[in-house]
Amino acid sequence: MDYSQFGAMIPELIVLGIFLVVFFADLIAGDKSRKCFLTPLTTVLFALGTVAIWVIPASGETVFGGMYVNDSATNAIKAILNIGVFIVFLQSAKWVESDEVAIRKGEFYELLLVTLFGMYLMVSARHFLLFIIGLESASLPLAAMVAFNKNHYESHEAAVKYIMTAVFSSAILLVGLSFVYAFSGGSLYFQDLAVTIQTGSMSGLLIVALAFVIAGLGFKLSLVPFHLWTADVYQGAPTAITSYLSVISKGSAAFAFFIIFTQCFGSVYSDAWEWMLYAVIIATITVGNLFAIRQKNMKRFMAFSSISQAGYIMLGAMAADTLGLASMIFYIFVYIVSNLGAFAVISTIENQTGRLSMDDYNGLHKTNPWLSFAMTLAMFSLAGIPPFAGFFSKILIFTSVTGTGSMALYMLVLIALINTIISLYYYLLVVKAIWISPEAPKVESFRSDCGSRIALWICVAGIVFFGLVPYIYQYCVSSVEASAGFLSMFGV
Amino acid sequence: MFTNILIWFVVIPVIMMIGLGLCRNSGMKAIRAVMVVGSTALLALAIWLCVQFLQLRAAGVDDEMLFTGSWLWYAPLNIHLAVGVDGISVLMLMLSAIIVFAGTFASWKITPLPKNFFLWFCLLSTGVFGFFISIDMFTMFMFYEVALIPMYLLIGVWGTGRKEYSAMKLTLMLMGGSAFLMLGLLGIYWHSAPEGGQCTWNILEISHNASIDASWQYMLFCFTFVGFGVLGAMFPFHTWSPDGHACAPTAVSMLHAGVLMKLGGYGCFRIAIFLLPQAANELAWIFIILTGISIVYGAFSACVQTDLKYINAYSSVSHCGMVLFAILMLNTTAMTGAILQMLSHGLMTALFFALIGMIYGRTHTRDIRQMGGLMKIMPYLGVCYMIAGFASLGLPGLSGFVAEMTIFFGSFQNADLFHRVFVICATASIVITAVYILRVVGKLLLGPVQDKHHLELTDATWWERFSTVTLIVCIAGIGCFPNWINETIQHSFVPIINAIQAAV
């Protein structure tokens, strides 16, 4: 075996390196009082690693006999996921120092880095075996993270629900893949599969296989009707983990979805999976929105909001072309800063006062004007209000979907647009509680910790500038266009 | 980029927002200074633009749009920040500048959170100005939404009455309209290029290409016209307007009825009719019926209301309906009338809402049954109210007369039975307008004093006088010298009328 092939996996090696450093530092440090260096160490290392991934150009190589690819599109995706993780690290800096968690904070970072490693593999895999390895290492450690507040009943409940769902969905996915295996005549390479599908005729087996694969990935993405675990898990998990689940985990699954469906099944787009995805997207956006309206707990609220956002993300897969993938990457990037901005406020308030209900936000602007301001921007951005980034990401993804010109897709966009109005309603409920509600504020004035403040500033800057400054989107488009692998399969 | 004069209409409000951001929450003097300097600069810029524009036209420059500029923004989708004005946009910019100026003075003593109020107020102005200078559909739509969303907080926080309900209703309905609009714009974009060419968002290029085929035009016309029509308070999408106006604070009512509702009319004109002329020819009848209902229904509703703001809100529905009605007549005279009506209605409604705010600030009621004889107590405000009323019912010498005469004269040029019937119905609204205006004037200003506490009230302060005089001078200016407006906008109809005639 040619070990130099590992040299092509630069992003994975970087994350693995950080993981090892943190692991041994944690091992050597010993007791709680001597672990105070862990948080700054991990954060700084991770920031450097992120910069390295942005800066080092992707080799574009395919290694291990075509199982793994590192091109500019996957590199862009990883860099964007990294930025999200960096923000999560910052906003959880206070939580990991709390009495209950401080002794185990090394584990938190290690588990998180392992899942990130898994997500990298999911994005870069061009073979179903490697993909499954990535998927499992991305989801199983997450269950341990969900159970991190080990003295809380809800945290356990959430972890059990999460692990059951994760295992169940993996099983469904594997059934689907075994059908695919049968169909392709003994190969799990994306490429071989694409060729078989293109040359072969449509069969019932393929449709069933696709349905299983959509269902399996739908669980990860919490698409309706596979979303039932989401609200409970989001509510029970520690807030830092919830924000990680809602953006990074979801984002990587969306990319993997896009890659698998365009690379392998691109040729049967209109025959087989366009209509399945069409129905799933409509259900996801609508159901997520309708359920979010009645939520009072902020974490449940964000759970349903993120379900509906997943529907918008999948619109990029509906477009299934370079513009679609570029818009999807941009959408997820914007979604990361907007959603993490909202979660930064929620977790700060929870850490300081333990309050989590929307009613607790009444009159917040009187005591915490900056937090109120940040929360308002995050809500506007999630709802797609200009001049904030969410507006641009929504419009660009809608533009890419309508580009194919079919009337059915115009109707899909119309439904999505009408749903943005529903989502605007519940996002405005938060704004209303903060600014308009006449009640006396329940959250007293406080100064939030340094990490959350930096995280919040990054998010606010992203919300304000990502849309107005077009370079991010152009970066997404150019990196997708630079990936020869993507361009070749769209012609299939 | 900054050498283009039009960009400054957006840059100045942004600078004002930064300036306000630097003020302290309680620093009322600094906040007022920023607002007065900024809104004066905007007004001066608008006047200067108008003078420059007329000079260029007089010198024989007959491009469709002047002061054009275009900067690439999102290259992959060919989105530009493209600006340019014709006579109509120049006048709309002027109108907006006047109302922002008057609105600043009308909200001299706003509480609570004055800084935040003016921040959102400036964001709203940014959207309005940006909308009128854009000739790129994407930026136009962006500015359109920028102008809508601050309304939620402006009404919700600083409003009166059922403000939470009204703010939510207004925001959701207008955003619902913009959802339809967005789909229409996307459709126009993807059909904007002749076979194989690059798609464009630029309005002028799209109209030159004229590549949208008829079957798509029908759908897109409905989407865009309804989208803008919601903001133009077209029946049956007008219900946000009375509630929203009644609950909004004074300056916001002024800006909203005065300028924001004009965005609807302007958008229908600039996008729905101009870019989709074939559908406009064939589907205009549907919307003529709807706007005809708006005109008459709005006027009748105003007759039975007792709240001053509701009366004016319904009267706005009626008058804005007339704008859309005239645009749909698809001839130069009626469209000239529509533009005149936009200006006239903008100024006089702003005056109305300013006066209602001032009266309400003194009497703490807006119910006309509880007030009376105010003419004796506050003669200055009373006279102003009468002038606004006369402008509204179309007294010669004031702006309303010119506008409505032109509209009906132009509309009557369509000789078929359908148009004639609707024009006659719409004309009847003049009489109904007279009924509700005279009813209010009679009850509110004349007659015996209803409440003896009112006898102690004072007349207008200096900033209130300043705000109202500005508006009255403009109203009388349009009424007495409508011709220069005519000359300013004349040119702008040529491409639109050509497009419509080519499509017949």
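Participant: Explain the overall build of chain A residue by residue, including any values.
Facilitator: Counting its regular elements, chain A contains 21 helices and two strands. Based on the C-alpha atoms only, the size of chain A along its principal axes is roughly 65 × 55 × 40 Å. Taking all 492 residues of chain A together, the buried fraction comes to 64%. A separation of at least 24 residues holds for 81% of the contacts in chain A among residues at least 6 apart in sequence. Measuring between centres, the 23 positive side-chain charges of chain A sit 10 Å from its 26 negative side-chain charges.

Participant: Which residues make up the overall build of chain B, and what values go with them?
Facilitator: Regarding its fold elements, chain B presents 21 helices and two strands. What you see for chain B is a C-alpha radius of gyration of 22 Å, in line with the 23 Å of a compact globule of 504 residues. When the backbone C-alpha atoms are referred to their principal axes, chain B occupies close to 75 × 60 × 45 Å. In chain B, which comprises 504 residues, the proportion classed as buried is 66%. Pairs at least 24 residues apart make up 80% of the contacts formed inside chain B by residues separated by at least 6 positions.

Participant: Break down unusual backbone geometry for me, with residues and values.
Facilitator: Outside of glycine, negative phi angles account for most residues, and trans bonds account for most peptide bonds. Of note, the amide linkage connecting A:Pro386 to A:Pro387 takes the cis form, showing an omega dihedral of 5 degrees. With respect to the element layout, A:Pro387 can be found in the loop between helix H16 (369–383) and helix H17 (389–402). A cis amide bond links B:Phe235 with the next residue in sequence, B:Pro236, at an omega value of 0 degrees. By the element assignment, B:Pro236 lies in the loop between helix H9 (214–231) and helix H10 (240–247). The backbone of A:Ser222 shows a phi angle near 45 degrees, a positive value even though the residue is not glycine. With respect to the helices, strands and loops of the structure, A:Ser222 is situated in the loop between helix H9 (204–221) and helix H10 (230–236).

Participant: Could you give an account of the interface of chain B and chain A, with specific residues and numbers?
Facilitator: Opposite the 38 residues of chain B that make contact, chain A presents 40 residues. With both chains or domains summed, chain B and chain A bury close to 3600 Å², and 84% of this area falls on carbon and sulfur atoms. Across the salt bridge formed by B:Glu164 and A:Lys432, the nearest N and O atoms sit 3.4 Å from each other. The tally of links between chain B and chain A comes to six residue pairs in polar contact (both at pLDDT 80 or more). For the side of chain B that touches chain A, the elements supplying multiple residues, two or more each, are strand E1 (66–74), helix H4 (114–133), helix H5 (137–148), helix H6 (150–158), helix H7 (163–190) and H9 of chain B.

Participant: Describe the packing of aromatic side chains, and please don't skip the residues or the numbers.
Facilitator: Residues and elements named next belong to chain A. Throughout the structure, instances matching the rule amount to 70 aromatic pairs over all chains. Ring centres of Phe 301 and Tyr 427 lie 6.2 Å apart, and the angle between their planes is 90 degrees; on these two criteria the pair is classed as edge-to-face. Taken together, the residues Phe 301 in helix H13 (residues 298–319) and Tyr 427 in helix H18 (residues 407–436) connect sequence positions 126 residues apart. According to the relative accessible area criterion, Phe 301 is buried, its value standing at 0%.

Participant: Can you break down the side chain of B:Gln341 residue by residue, with the values?
Facilitator: Along the chain, the position of B:Gln341 falls in helix H14 (residues 332–363). Sequence-distant contacts of B:Gln341, that is, excluding residues within four places in its chain, are made with B:His319, B:Met322, B:Val323, B:Gly346, B:Ala403, B:Glu404 and B:Ile407.

Participant: Mind laying out the environment of A:Ile346, listing which residues take part and the relevant values?
Facilitator: Residues and elements named next belong to chain A. With respect to the helices, strands and loops of the structure, Ile 346 is situated in helix H14 (residues 322–353). Judged by its relative accessible area of 0%, Ile 346 falls in the buried class. Setting aside its immediate chain neighbours within four residues, Ile 346 contacts Thr 239, Met 298, Met 302, Leu 356, Tyr 361 and Met 375.

Participant: Break down the nonpolar core for me, citing the residues and quoting the values.
Facilitator: Side chains of nonpolar character tend, in soluble globular proteins, to be buried together. All names here are of chain A. Counting residues in each nonpolar core, the largest one holds 406 residues, and the members touching the most others are Phe 131, Phe 265 and Trp 273. The dominant element in this core, judged by the number of residues it contributes, is H14, at 20 residues. Once residues within four sequence positions are removed from consideration, Phe 131 is found in contact with Met 122, Ala 125, Leu 173, Leu 217, Ala 256 and Ile 260.

Participant: For a nonpolar patch on the surface, give the residues involved together with the corresponding values.
Facilitator: All names here are of chain A. Together, Leu 13, Leu 16, Leu 20, Phe 23, Phe 24, Leu 27 and Ile 28 line one region of the surface with nonpolar side chains, adding up to about 660 Å² of accessible area. Relative to the elements of secondary structure, Phe 24 occurs in helix H1 (residues 10–29). Note on Phe 24: relative accessible area 45%, which makes it partly exposed.

Participant: Describe the environment of A:Ala310, listing the residues and the values that go with them.
Facilitator: Residue and element names in this part refer to chain A. Residue position: Ala 310 is located in helix H13. Exposure remark for Ala 310: the relative accessible area of 0% places this residue in the buried category. A C-alpha to C-alpha distance of 7.6 Å links Ala 310 and Ile 285, two positions 25 residues apart in sequence. Among residues more than four places away in sequence, those in contact with Ala 310 are Leu 221, Leu 223 and Lys 250.

Participant: Can you lay out H7(B) for me, pointing to particular residues and giving the numbers?
Facilitator: With 28 residues, H7(B) extends 40 Å from end C-alpha to end C-alpha; this agrees with the ideal 40 Å at 1.5 Å per step. Extensive coverage of H7(B) is indicated by the burial of 20 of its 28 residues.

Participant: I'd like to hear about the packing of helix H13 (residues 308–327) of chain B against helix H17 (residues 399–411) of chain B, residue by residue, with values.
Facilitator: If you want to describe how two helices pack, look at the angle between their axes and the distance between the axes. Residues and elements named next belong to chain B. Closest axis-to-axis distance for the H13/H17 pair is 10 Å, and the angle between their directions is 35 degrees. Where H13 crosses over H17, the handedness of that crossing is left-handed. Together, His 319, Met 322, Phe 325 and Ala 326 of H13 and Glu 404, Ile 407, Phe 408 and Ser 411 of H17 make up the contact between the two elements. Residue composition of the contact of H13 with H17, by class: five nonpolar, two polar and one charged.

Participant: Residues and numbers for helix H7 (residues 153–184) of chain A, please.
Facilitator: An α-helix turns once per 3.6 residues; consequently, residues spaced three or four apart project the same way. With 32 residues, H7(A) should reach 46 Å at 1.5 Å per residue; the first-to-last C-alpha distance of 46 Å fits that figure. Positive phi shows up at A:Gly185, right after H7(A), with a value of about 70 degrees.

Participant: Can you lay out the confidence of the model for chain B for me, pointing to particular residues and giving the numbers?
Facilitator: Residue and element names in this part refer to chain B. Confidence in the prediction of chain B, expressed as mean pLDDT, is 87, and 100% of residues score 70 or more. Confidence scores differ between elements of chain B, with helix H15 (residues 374–377) showing the lowest mean pLDDT of 82 and H5 the highest of 91. For this predicted complex, the interface confidence score (ipTM) comes to 0.90, while the overall pTM stands at 0.92.

Participant: Let's hear about the side chain of B:Thr433: which residues, and what values?
Facilitator: All names here are of chain B. Of note, Thr 433 is situated in helix H18 (residues 417–444). Residue Thr 433 is classed as buried on the basis of its relative accessible area, which comes to 3%. Once residues lying within four places of it in the same chain are set aside, the contact partners of Thr 433 are His 319, Ser 392 and Leu 393.

Participant: Talk me through the pairing of strand E2 (residues 79–85) of chain B; I want residue IDs and the actual numbers.
Facilitator: Residues and elements named next belong to chain B. With six of seven residues buried, E2 lies mostly within the body of the structure. One ladder, built from six bridges, connects E1 with E2; its direction is antiparallel. Residue pairing for E2: Leu 66 is matched across the bridge by Val 85. Following E1, the chain reverses through four residues before pairing antiparallel with E2; Asn 78 in that reversal takes a positive phi of roughly 60 degrees.

Participant: Would you mind going over the packing of helix H5 (residues 105–124) of chain A against helix H6 (residues 128–146) of chain A in detail, with residue names and values included?
Facilitator: All names here are of chain A. Orientation of H5 relative to H6, taken along the N-to-C sense of each, is 155 degrees, at an axis distance of 7 Å. It follows that H5 is roughly antiparallel to H6 by the angle criterion. As H5 packs across H6, the resulting crossing turns out to be left-handed. On H6, the residues touching Phe 108, Leu 111, Leu 112, Val 114, Thr 115, Gly 118, Met 119, Leu 121 and Met 122 of H5 are Leu 130, Phe 131, Ile 133, Gly 134, Leu 135, Ser 137, Ala 138, Pro 141, Leu 142, Ala 144 and Met 145.

Participant: Give me the lowdown on the environment of A:Ser437, citing residues and values where you can.
Facilitator: Looking at the secondary structure, you find A:Ser437 in the loop between H18 and helix H19 (450–468). When neighbours within four sequence positions are excluded, A:Ser437 is seen to be in contact with A:Asn362, A:Gly363 and A:Lys432.

Participant: With reference to specific residues and values, describe the state of the cysteines.
Facilitator: All names here are of chain B. Inspection of the entire model under this criterion finds zero disulfides over all chains. Free cysteine: Cys 122, not disulfide-bonded; nearest cysteine sulfur from Cys 23 at 10 Å. Free cysteine: Cys 268, not disulfide-bonded; nearest cysteine sulfur from Cys 320 at 11 Å. On the basis of relative accessibility, which here comes to 0%, the residue Cys 268 falls in the buried class.

Definitions and cut-offs
- Residues numbered from 1 in each chain as written.
- Chains lettered and ligands numbered in written order.
- Predicted model: local features only at pLDDT ≥ 70, side-chain atom pairs only at ≥ 80, totals over all residues.
- Heavy atoms only, no water.
- Helix = DSSP H or I, 4+ residues; strand = E, 2+ residues; numbered from the N terminus.
- Buried < 20%, exposed > 50% of the residue type's maximum accessible area, 1.4 Å probe, protein only.
- Contact = heavy atoms within 4.5 Å.
- Lys, Arg positive; Asp, Glu negative; His and termini not counted.
- Charge placed at Lys NZ, Arg CZ, Asp CG, Glu CD.
- Rg over C-alpha atoms; globule rule 2.2 N^0.38 Å.
- Buried area = accessible area lost by both parts, 1.4 Å probe.
- Salt bridge = Lys/Arg side-chain N within 4 Å of Asp/Glu carboxyl O.
- Polar contact = N/O pair within 3.5 Å; in protein donor to acceptor, adjacent residues only side chain to side chain.
- Phe/Tyr/Trp six-rings, centres within 6.5 Å; stacked < 30°, edge-to-face > 60°.
- Core = buried A, V, L, I, M, F, W, Y, C linked by side-chain atoms within 4.5 Å.
- Patch = residues over 30% accessible without salt bridge, like charges linked within 9 Å, V, L, I, M, F, W, Y side chains within 5 Å.
- Areas by Shrake-Rupley, 256 points an atom, 1.4 Å probe, with all protein chains shown as cover.
- Expected span 1.5 Å × (residues − 1).
- Axes fitted to C-alpha atoms, helices over the stretch in contact; angles between N-to-C directions.
- Left-handed = near helix turned anticlockwise from the far one by under 90°.
- Nonpolar A, V, L, I, M, F, W, Y, C, P; charged D, E, K, R; others polar.
- pLDDT = per-residue confidence, 0-100.
- Pairing = 2+ DSSP bridges.
- Parallel < 35°, antiparallel > 145°, perpendicular 65-115°, else oblique.
- Disulfide = S-S within 2.5 Å.

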